[in-house]
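Below are the chains, spelled out letter by letter.
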Amino acid sequence: MYNEKVMDHFMNPRNVGEIEDAEAIGEVGNPICGDIMRMYLKIDNNDIITDVKFKTFGCGSAIATSSMATEMIKGKTVREALRLTNMAVVEALDGLPPAKVHCSVLAERAVKTAIYNYAKERNLTYKELDGFDPNDDHDGHDHDEE
Amino acid sequence: MYNEKVMDHFMNPRNVGEIEDAEAIGEVGNPICGDIMRMYLKIDNNDIITDVKFKTFGCGSAIATSSMATEMIKGKTVREALRLTNMAVVEALDGLPPAKVHCSVLAERAVKTAIYNYAKERNLTYKELDGFDPNDDHDGHDHDEE
Amino acid sequence: MCTQLYFDYAATTPVKKEVLEEMLPFFNINFGNPSSIYNIGRQGRNALDIARDRVAKTLNSKSEEIFFTGGGSESDNWAIKGVAFANRDKGNHIITSKIEHHAVLHTCEYLEKEGFEITYLDVDKYGLVGVDDLKNAIRDNTILVSIMYANNEIGTIQPIKELAQIAKKSGIIFHTDAVQAYGNEIIDVNDLGVDLLSISAHKIYGPKGVGALYIKKGTKIQQLIHGGGQEKKRRAGTENMPGIVGLGKAAEMAYENIEEHIDRLTRLRDKLIDGIMTKIPYTRLNGHPTKRLPGNVNISFEFIEGESILLSLDMEGIAASSGSACTSGSLGPSHVLAAIGLSHEIAHGSLRLTIGDFTTEDEINYVVEKLQSIVDRLRQISPLYEKVKRGK
Amino acid sequence: MCTQLYFDYAATTPVKKEVLEEMLPFFNINFGNPSSIYNIGRQGRNALDIARDRVAKTLNSKSEEIFFTGGGSESDNWAIKGVAFANRDKGNHIITSKIEHHAVLHTCEYLEKEGFEITYLDVDKYGLVGVDDLKNAIRDNTILVSIMYANNEIGTIQPIKELAQIAKKSGIIFHTDAVQAYGNEIIDVNDLGVDLLSISAHKIYGPKGVGALYIKKGTKIQQLIHGGGQEKKRRAGTENMPGIVGLGKAAEMAYENIEEHIDRLTRLRDKLIDGIMTKIPYTRLNGHPTKRLPGNVNISFEFIEGESILLSLDMEGIAASSGSACTSGSLGPSHVLAAIGLSHEIAHGSLRLTIGDFTTEDEINYVVEKLQSIVDRLRQISPLYEKVKRGK
Ligand SMILES: Cc1ncc(COP(=O)(O)O)c(C=O)c1O
Ligand SMILES: Cc1ncc(COP(=O)(O)O)c(C=O)c1O
């Protein structure tokens, strides 16, 4: 059901872990929906993300997209990271099954939430965060009866 | 579906034909129901059935029971013949499929009708014919929707 | 194939070697539940997709419009009840014909008890539904028209495209039972303009107990079997994988050389009809002379009864049918033969011989020869024939 | 059988060699329609009778009370809709449980839309329906109680005899979905006192797409699939002969050594449960410790999610399931685990391992070992586990 690249990122996820002195931490999802992702960012004075770590409770695609997303923002500026879309993560993974695309939203939101917290603490504003609300608990799930 | 004895009487029916100078002729059934049986009896002065012939339009069991019935009454007295029941014919054939038992009624009624006509012509009475009405078109079919 | 000469392809067909071969691994090797995410389950899902694509291709439909079922009867029940109950708000009138298969007729009779009104269209002496009759039968509250593509007893092929067009003009859903036509006619659901179409695998050298319903995208229809999320949540039940794979392969094979198949059968059929009609007097062909299934022969023999012909044929090793196989256990004469105006007497003496891919010319000759003596023998026993002879 | 280690026997089973062998001739040799009167048809009818007798024997029912269907889902749909619609004059209330298979639950939800009232009984933490709860739920207008024999996810076996007795006392029809219990429990319909009982062949090493419904003589029930006169005019459609023959043989084999089968599976099951529970912390067994199917293990692993366990197992060549196979494509957590009181968080981390006739002790050991490292790896990735470790 998943392609090789997804399975690789699921079986050997990159950047798993915590960063004790992270500048930015974001946690999204909720255990009721079956997925939680926590992301740690080291951000230097030039707004560059020098290190990223994550922990994820979730299905295969939640773990794989977490892994891929951390790879994609490592070494990027904060603003570049904010422009990361879930579809870009899906593409980088060579695609996900349609029923699983929603999991990639989690990764996008984790990055944004971490930076949102970071910005709030430091009184920074990024126009990329306009309208973003970390408590808007839209996790991409459709809670339809199956 | 039919046993060997039935198939034998169907494939090699006994006493098929007509008797030009028959004392008794009886026809029962109707083409709408898919079966007609005509029976010819030669009856001598001692009320003995010396010869029998039949013609039948109908299914395998209609033909087989016609054949068997003629064999069973040949050489018998008229009164003995009147006591022939359809179940006796079925038994003599070693049984019929349940859905086909009604066909044996035709043979019983053909014998009775022939003798009824014979008795009427000659003003005879047989107590075995009490209550028998040749026009009562009950042919044993149940006309249920299948 | 078997020691009997088989002349009952319309009742059912043997599963072809190539079809069975594709099915076999799905019994005990790739036996996984295709809903599972693990390897042997995924193989099943893949095979399911292939089968669906294959069936879709033969009908020129989209794959997502093909739903697998437990057979032709289930497909018919689903189509008719599903549309009826889903469209109750729009009306309660359904139009069908008098010569439908019982899977349609008895479903309609059931719906009558549930408060629906059914119009059963008459057919002409060939078994054809009149296009104008359909037009006239349509009411404001008509929600469904269900007319079979080709009849299972007399083989008559309906002008489905014209009939579907009439329904479409009035915004009415059109279903066709194509169980007999499928594999014997070129069918393009888009060109025809039908909304629903039923097929069954065992009529096209596939396995029994599996069929499909084509549901045009957007057609409002209820589920018939509720439960798990199979078939895009529209038909529950663990997928009959060997059966579905078999249907897919049989469908592909049926349409690989469909023109050749039709030509060959038509030639053999006409040879059989001509043989019987010229050699045996007091016979009549039932159904249409040309608008008929390539494999269907249905003939009435006057003065004798159908079951006795069947039994006699069976003694000669020939398997045939009198009316539809489903009803051969029944006592009443065929509703189809009654609808084309046959008297009960003549209807009782009807014989259906249906041919297929394994039928040979020699078999045709053999059947004609045997039939000649069988009919003659039974007529000698028949009191009706006696009268005719006397009349001469 | 296959290169994978198969731990998903509750989803489906491979067809046994002996079963497939009996089926094969019915695809292309004895392929005749059993409704026909000729020779190859008659052979089919004979085989049909044998299969029916075999199934009847395993349930201690009369042969005439066994009706073949297109699978467990159809049997459930038929039983519930059939009784509901046939007994509308008596009432419109139906009682079932919250942990039924979707074939029952979604059918009941459909009936709600059709004006029926459904009571969904709670279960206790083991998944058991309370006998008193059923008593209290019965009303004057209750027409049907449908409680599953054994649950497909957590394996809990209900006190069917007691439950059926309560229904009987009030003259209410009792149906049980025995799809999982059949072949894993000794079942006597007379002793149990049930009126309707559903089974499915593919759960007992028979083919997919065929099942049966036991209908006690005299039970008022409507048809689900209308059409030809098959199955004593109660279930239309050309009989799936290979499938039915396969069901008959599988049924016979399942009950030949049923005690031995139960003992062996129970021992392996308990070994598997013990192995996991002792070697892996933060786990809990779902379902009842003893009143459970001999082949069912269902365990929740805290802090991790089920699909990721399944995927990891698949990478090790182990096929398992998280909740019912039918729903493994779904996103919501299992309704069964919710009903026994599991939080969503825990329910998401549940794994179902079901064993069967080909499971060996070595396989059990292998799975426990692999599971240990898989769970450990996934917990290392999980932010929830991190919190727990910190908490210590
Ligand atoms: C308890 C239960 N009921 C019903 C069904 C449905 O049976 P089938 O898949 O044969 O339709 C299943 C299995 O899928 C089941 O486990
Ligand atoms: C025209 C027609 N419709 C429906 C059916 C029913 O199909 P099945 O036997 O697969 O249920 C048949 C054959 O029996 C048929 O000939």
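Every value quoted in this text rests on a predicted model; they were computed, and no experiment measured them. (Residues numbered from 1 in each chain as written. Chains lettered and ligands numbered in written order. Predicted model: local features only at pLDDT ≥ 70, side-chain atom pairs only at ≥ 80, totals over all residues. Heavy atoms only, no water.)

Peer 1: I would appreciate a short explanation of the relation of the copies chain D and chain C in the present structure.
Peer 2: One copy of the chain maps onto the other through a rotation about an axis followed by a shift along the same axis. Between the two copies, chain D and chain C, the superposition gives an RMSD of 0.0 Å; the rotation angle is 180 degrees and the shift along the axis is 0.0 Å. On this basis, the relationship between the two copies can be described by a two-fold rotation axis. Relative to the rotation axis, the C-alpha of Gly 70 of chain D is the closest in chain D, positioned 2.8 Å from it. Interface residue correspondence from chain D to chain C reaches 100%, placing this contact among same-surface, isologous pairings. (Least-squares fit on C-alpha atoms with pLDDT ≥ 70 in both. Contact = heavy atoms within 4.5 Å.)

Peer 1: Looking at this structure, how should I read unusual backbone geometry?
Peer 2: Both trends apply: most residues other than glycine have a negative phi, and most peptide bonds are in trans. Positive phi is not limited to glycine here, since Asn 123 of chain A has a value of about 55 degrees. Along the chain, Asn 123 of chain A falls in the segment after α5 (102-122). Owing to a relative accessible area of 71%, Asn 123 of chain A belongs among the exposed residues under this scheme. For Tyr 205 of chain C, which is not glycine, the phi torsion reads 70 degrees and is therefore positive. Mapped onto the elements, Tyr 205 of chain C comes out in the loop between β7 (196-200) and β8 (211-215). (Helix = DSSP H or I, 4+ residues; strand = E, 2+ residues; numbered from the N terminus. Buried < 20%, exposed > 50% of the residue type's maximum accessible area, 1.4 Å probe, protein only.)

Peer 1: Please clarify how the confidence of the model for chain C should be interpreted in this entry.
Peer 2: For residues with low pLDDT, the predicted coordinates do not support detailed interpretation. Residue and element names in this part refer to chain C. With 96% of its residues at a pLDDT of 70 or more, chain C has an overall mean of 94. Note that residues 324-328 has pLDDT below 50 and, in this model, 20 contacts with residues that lie over four places away or in other chains. Interface confidence for the predicted complex, expressed as ipTM, amounts to 0.92; the pTM equals 0.94. (pLDDT = per-residue confidence, 0-100.)

Peer 1: Quick question: what am I supposed to make of the nonpolar core here?
Peer 2: The nonpolar side chains of soluble globular proteins are, as a tendency, buried together. Counting 136 residues, the largest nonpolar core has Ile 187 of chain C together with Ile 187 of chain D as its most contacted members. Setting aside its immediate chain neighbours within four residues, Ile 187 of chain D contacts Thr 58, Leu 59, Tyr 149, Ala 178, Ala 181, Tyr 182, Leu 192, Leu 197 and Tyr 255 of chain D. Ranked by size, the runner-up nonpolar core spans 72 residues in total, among them Met 68 and Phe 132 of chain A together with Phe 301 and Val 368 of chain D. (Core = buried A, V, L, I, M, F, W, Y, C linked by side-chain atoms within 4.5 Å.)

Peer 1: Got a minute to help me understand the side chain of Glu 386 of chain C in this structure?
Peer 2: Topologically, Glu 386 of chain C is positioned in helix α16 (residues 383-391). Ignoring sequence-local partners within four residues, the contact set of Glu 386 of chain C consists of Glu 18, Arg 38, Tyr 40 and Lys 55 of chain B.

Peer 1: Whenever I open this one, helix α3 (residues 39-59) of chain D confuses me. Can you help?
Peer 2: Helical periodicity: at 3.6 residues per turn, an α-helix aligns residues three or four positions apart in one direction. For α3 of chain D, spanning 21 residues, the distance from its first C-alpha to its last is 31 Å, which sits close to the expected 30 Å at 1.5 Å a residue. Every buried residue belonging to α3 of chain D is among Ile 40, Gly 41, Gly 44, Ala 47, Leu 48, Ala 51, Arg 52, Arg 54, Val 55, Ala 56, Thr 58 and Leu 59 of chain D, and all of these are buried. (Expected span 1.5 Å × (residues − 1).)

Peer 1: Is there a simple way to think about the site of ligand 2 in this case?
Peer 2: Contacts to ligand 2 come from 16 residues, most closely from Ser 73, Asp 177, Ser 200 and Lys 203 of chain C together with Thr 238 of chain D. Ligand 2 is flanked by residues contributed from chains C and D. One nitrogen or oxygen atom from the main chain of Gly 72 of chain C is found 2.9 Å from an oxygen atom belonging to ligand 2. Take His 202 of chain C: an N or O atom from its side chain is 3.1 Å from an oxygen atom of ligand 2. Bound to the protein, ligand 2 loses 98% of the 390 Å² it would expose on its own. At 3 residues, helix α4 (residues 72-86) of chain C tops the list of elements feeding residues into the shell around ligand 2. Split by residue class, the shell around ligand 2 holds 3 nonpolar, 10 polar and 3 charged. (Near = heavy atom within 4 Å. Polar contact = N/O pair within 3.5 Å; in protein donor to acceptor, adjacent residues only side chain to side chain. Areas by Shrake-Rupley, 256 points an atom, 1.4 Å probe, with all protein chains shown as cover. Nonpolar A, V, L, I, M, F, W, Y, C, P; charged D, E, K, R; others polar.)

Peer 1: I tried to follow the environment of Leu 5 of chain C on my own but got confused; where do I start?
Peer 2: Residues and elements named next belong to chain C. Positionally, Leu 5 belongs in strand β1 (residues 5-6). For Leu 5, a relative accessible area of 18% corresponds to the buried category. Residues Leu 5 and Leu 144 lie 139 residues apart in sequence; the distance between their C-alpha atoms is 41 Å. Among residues more than four places away in sequence, those in contact with Leu 5 are Gly 317, Ile 318, Ala 319, Glu 363 and Tyr 366.

Peer 1: So what exactly am I meant to see when it comes to the packing of helix α1 (residues 4-11) of chain B against helix α2 (residues 60-73) of chain B here?
Peer 2: The relative placement of two packed helices is expressed as an angle between their axes plus a distance between the axes. Residues and elements named next belong to chain B. Put simply, α1 and α2 touch, their axes get as near as 8 Å, and they point 85 degrees apart. Relative to α2, the element α1 lies roughly perpendicular. Counting all contacts with α1, which are made through Lys 5, Val 6, His 9 and Phe 10, the residues of α2 involved are Gly 60, Ile 63, Ala 64, Ser 67, Met 68 and Glu 71. In terms of residue class, the contact of α1 with α2 is made up of 5 nonpolar, 3 polar and 2 charged. (Axes fitted to C-alpha atoms, helices over the stretch in contact; angles between N-to-C directions. Parallel < 35°, antiparallel > 145°, perpendicular 65-115°, else oblique.)

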